[in-house]
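Residue-level structure breakdown
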Amino acid sequence: MPTTIDKTRLKELNSALRAKAAELDTISAAFTVEDGGVTVSPEKATAFRKALADAQEIKQLINDLEGAAAIQTFLNEPASLPLAPRDAALTAHLAGQAKSLGQQFVDSEEFKSLAAAGFRGSFDQMVAIEGASLDQLARKDIFSRSAGTATVLGLGAPEQLEIVPRPLRPGRIRDLFPSQTTTANILYGVRVTGFTNAAAIVPERAMEVPPGGGPAVEVYARAPQSQLTFKTVVYPVAEIAHTIPIHKNTLADEPRLRDIIDTELVDGVKMVEDNEILYGPGGDENITGIVNTQGVQTYAQDAADKQTAAIRRAATRALLAYYPPTGLVLHPFDFEDLELETDGQGAYRVAVNVAVGAQKVVWRLAVVDSMAINEGKFLVGSFGLGARLYDREQVGVQVSTENRDNFERGVVTMRGSERIGLEVPRPESFVYGTFKAAA
């Protein structure tokens, strides 16, 4: 499929979609809102529904054409790098666009060397694979095996069925943060706890009494002095880690090994990361989550408001802290309720906004629907400014037999870990909201 045809056709379809959107705006402008209800003539209502149906059909054609173009691009450039977040290892692997940590492990020279020996012997040293990025592999140590008869195995053709991978979470809270790294073990920051604004018009000349007293003299005017109150805060760089024991025979089954690394080790760490960003308890070596940070605002949905209105009002409170909110976190059940909100005509309020461009956006806020946040709650804030997430060590995988009686039992221990720090210098830029209970 020629790319020039794709671009031309897509341009035409996008122009048609914009025209339909303008038509929808023109028709809806004739709607009359009175006492909480909407009055519209049958002709206008029919025209609106037809224009909406046409717009949805055009959008579907755009999606289909983009999908076909993506397939063609993949076939022409199978080695292209993904634009997905670094932690979406399984998604990148299934899309065939980049090597996940699991794939990097089974492709490593150390693994192939051990496989060539029939996985006989032991790991004399710990082996580490740490992802500075998904397409780069850093090796700290090497596999070492004892002497013995080498038996070459046919890798890539296991007799056992693959493990059905557990799906990854639909969204990551870290997706709302810009990428930042640190080499420190402890982060020191300053939190502004108060601001007295004394800014005013300053004339060029003013009458002023000298410090020693006496008659006032004309001098250059002095600008008034504002006051800032600071508090020094220490943010720990915490490690999130867990281990999984597997039998050494699993090492000979590449697909199973890859899936264990990608879904269980990596995703297990990321699940806890989401929880810590929100609800970390704080302390000497614990992350203090955004919700538990002193100074974060709270908001409860008014009984007369819809959920979308509650989010918008909470966003205003974040804006009043002089930090425009950039993201929204809420539970998938609450996002479902949000998308299913209808107006007086039975039309969905949010569906068109979310669907266009395949982006989850509500009130110009990027949306992450995550099981990490409590159902019935939502968090609106300035991610990247009011709070910053730092990677000290990105998620990595380590493998060793030097653990308890692993050698006797033919077991290897796989360890997944990362080290991150969370700074919240402007807690007032976040609003932790509560949706009203369903009637």
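Scroll up to find the structure.
Residues numbered from 1 in each chain as written. Predicted model: local features only at pLDDT ≥ 70, side-chain atom pairs only at ≥ 80, totals over all residues. Heavy atoms only, no water.

1. Some points on unusual backbone geometry
Just so we agree on the cut-off: Comment: elements are numbered from the N terminus, with helices defined as DSSP H or I runs of at least four residues and strands as E runs of at least two. Note on exposure labels: buried denotes an accessible area under 20% of the residue type's maximum, exposed denotes more than 50%, and partly exposed covers the range between, all computed with a 1.4 Å probe on protein chains only.
For Tyr-322, which is not glycine, the phi dihedral falls at a positive 70°. Tracing the chain through its elements places Tyr-322 in the loop between helix H7 (307–319) and strand S10 (327–330). Residue Tyr-322 is classed as exposed on the basis of its relative accessible area of 73%. Not every positive phi belongs to a glycine, and Arg-364 is a case in point at roughly 65°. Looking at where Arg-364 falls in the secondary structure, it is placed in the loop between strand S11 (361–362) and strand S12 (365–369).

2. Thoughts on the environment of Ala-437
Looking at the element boundaries, Ala-437 is found in the segment after strand S16 (430–434). Given the relative accessible area of 70%, Ala-437 is considered exposed. As for Ala-437 and Gln-301, which are separated by 136 residues in sequence, their C-alpha atoms are 9.4 Å apart.

3. So, the sheet that holds strand S9 (residues 297–300)
For the record, the criterion: Strand pairing is assigned whenever DSSP detects at least two bridges linking the two strands. Note on contacts: a residue pair is in contact if any heavy atoms of the two residues lie within 4.5 Å. Here an angle of 0 to 180 degrees is reported between the N-to-C directions of two axes, which are lines fitted to C-alpha atoms, with helices fitted over the stretch in contact.
Reading across the sheet, the 6 strands line up as S9-S16-S13-S10-S12-S11 and stay open at both edges, with mixed pairing between neighbours. Every other strand in the sheet has two partners, leaving S9 and S11 as the edge strands with one partner each. Alignment of S11 against S12, held across 2 bridges, turns out to be antiparallel. Paired with Val-362 across the strands is Leu-365, a residue of S12. H7 contacts S9, S10, S12, strand S13 (377–381) and S16 of the sheet and is inclined by roughly 155° relative to S9. Of the strands in this sheet, S10, S11, S12 and S13 touch helix H8 (residues 332–339), which is tilted by about 110° from S10.

4. Describing the pattern of salt bridges
How we decide: We define a salt bridge as a side-chain nitrogen of Lys or Arg found within 4 Å of a carboxyl oxygen belonging to Asp or Glu.
This structure, assessed with the given rule, holds 18 salt bridges. Note that Arg-313 is salt-bridged to Asp-305, the shortest N-O span being 2.6 Å. A salt bridge links Glu-428 to Arg-426, with the nearest nitrogen and oxygen atoms 2.8 Å apart. Arg-426 gets classed as partly exposed once you look at its relative accessible area, which sits at 21%.

5. With respect to the side chain of Ser-429
This is how it is decided: The term polar contact refers here to a pair of N or O atoms within 3.5 Å; inside protein, the definition further demands a hydrogen-donor-capable atom paired with an acceptor-capable atom, and it admits residues adjacent in sequence only when both atoms are side-chain atoms.
Note that Ser-429 resides in the loop between strand S15 (411–423) and S16. The class of Ser-429 is buried, set by a relative accessible area of 0%. At 2.6 Å, the side chain of Ser-429 and the backbone oxygen of Arg-426 are in polar contact. Those residues within four positions of Ser-429 in sequence are excluded, and the remaining contacts are Ala-318, Ala-321, Tyr-323, Val-380, Gly-381, Ser-382 and Gly-386.

6. Description of the packing of H7 against H8
Spelled out, the test is: Oblique is the label for any angle not covered by the other classes, which are roughly parallel (under 35 degrees), roughly antiparallel (over 145) and roughly perpendicular (65 to 115). Classes in brief: Ala, Val, Leu, Ile, Met, Phe, Trp, Tyr, Cys and Pro nonpolar; Asp, Glu, Lys and Arg charged; the others, Gly included, polar.
Contact geometry of H7 with H8 gives a least axis separation of 9 Å together with a crossing angle of 110°. As the angle between them shows, H7 and H8 are arranged roughly perpendicular. On the side of H7, the interface is formed by Gln-307, Thr-308 and Ile-311, while H8 contributes Asp-334, Asp-337 and Leu-338. For the contact of H7 with H8, the class distribution of residues is 2 nonpolar, 2 polar and 2 charged.

7. Remarks on the packing of aromatic side chains
Threshold: Only Phe, Tyr and Trp rings are paired, with Trp represented by its six-membered ring, and only when their centres lie within 6.5 Å; those with planes under 30 degrees apart are stacked, over 60 edge-to-face, the remainder tilted. Placement of a positive charge over a ring is assigned whenever Lys NZ or Arg CZ falls within 6 Å of the ring centre and within 35 degrees of the normal to the ring plane.
Going through the model one piece at a time under the given rule, you end up with 4 aromatic pairs. With centroids separated by 6.3 Å and ring planes inclined at 80°, the aromatic side chains of Tyr-279 and Tyr-432 adopt a geometry described as edge-to-face. In this pair, Tyr-279 is assigned in helix H6 (residues 254–279) and Tyr-432 in strand S16, connecting sequence segments 153 residues apart. Between the aromatic rings of Phe-383 and Phe-430, the centroid separation amounts to 5.1 Å while the plane-to-plane angle is 85°, which identifies the pairing as edge-to-face. Taken together, the residues span a long stretch of sequence, with Phe-383 in the loop between S13 and strand S14 (388–400) and Phe-430 in strand S16 at a distance of 47 residues. Here the two residues Phe-383 and Phe-430 agree in accessibility, since each one is buried. Three or more aromatic residues joined by ring pairs make a cluster, and in this case those are Phe-177, Phe-383 and Phe-430. Sitting over the face of the ring of Tyr-220, Arg-205 holds its NZ or CZ atom 4.6 Å from the ring centroid.

8. Some remarks on H7
Convention followed: To estimate the expected span of a helix, subtract one from its residue number and multiply by 1.5 Å. Working note: the arc is built from the helix axis to C-beta atom directions.
Taking 1.5 Å per residue, 13 residues should reach 18 Å; H7 reaches 19 Å between its end C-alpha atoms and fits that length. Residues of H7 that are buried include every one of Gln-307, Thr-308, Ala-310, Ile-311, Ala-314, Ala-315 and Ala-318, and no others. Down the axis of H7, the smallest arc covering the buried residues is 160°, so these residues share one side. Taken together, the buried residues of H7 touch S9, S10, H8, S12, S13 and S16.

9. Describing H8
When we look at burial in H8, the residues that qualify are Asp-334, Phe-335 and Leu-338. Here the buried residues of H8 occupy an arc of 100° about the axis, which is enough to place them on one side.

10. Some details on the nonpolar core
So the rule is basically this: Residues enter a nonpolar core if they are buried and are Ala, Val, Leu, Ile, Met, Phe, Trp, Tyr or Cys, with the set joined through side-chain atoms within 4.5 Å.
With 25 residues, the main nonpolar core has Ile-173, Phe-177, Ile-290, Leu-379, Phe-383 and Leu-422 as its most contacted residues. The leading source of residues in this core is H6, at 3 residues. If we skip the residues at most four places from it in the chain, Leu-422 touches Phe-177, Tyr-235, Ile-277, Ile-287, Thr-288, Gly-289, Ile-290, Arg-388 and Leu-389. By size, the runner-up hydrophobic cluster in this structure holds 17 residues, among which are Ile-311, Ala-318, Val-431 and Phe-435.

11. Considering the environment of Pro-203
Mapped onto the elements, Pro-203 comes out in the loop between strand S5 (186–196) and strand S6 (205–208). Overall, Pro-203 belongs to the partly exposed group, its relative accessible area being 45%. Placed 20 residues apart in sequence, Pro-203 and Ala-223 show a C-alpha to C-alpha distance of 8.9 Å.

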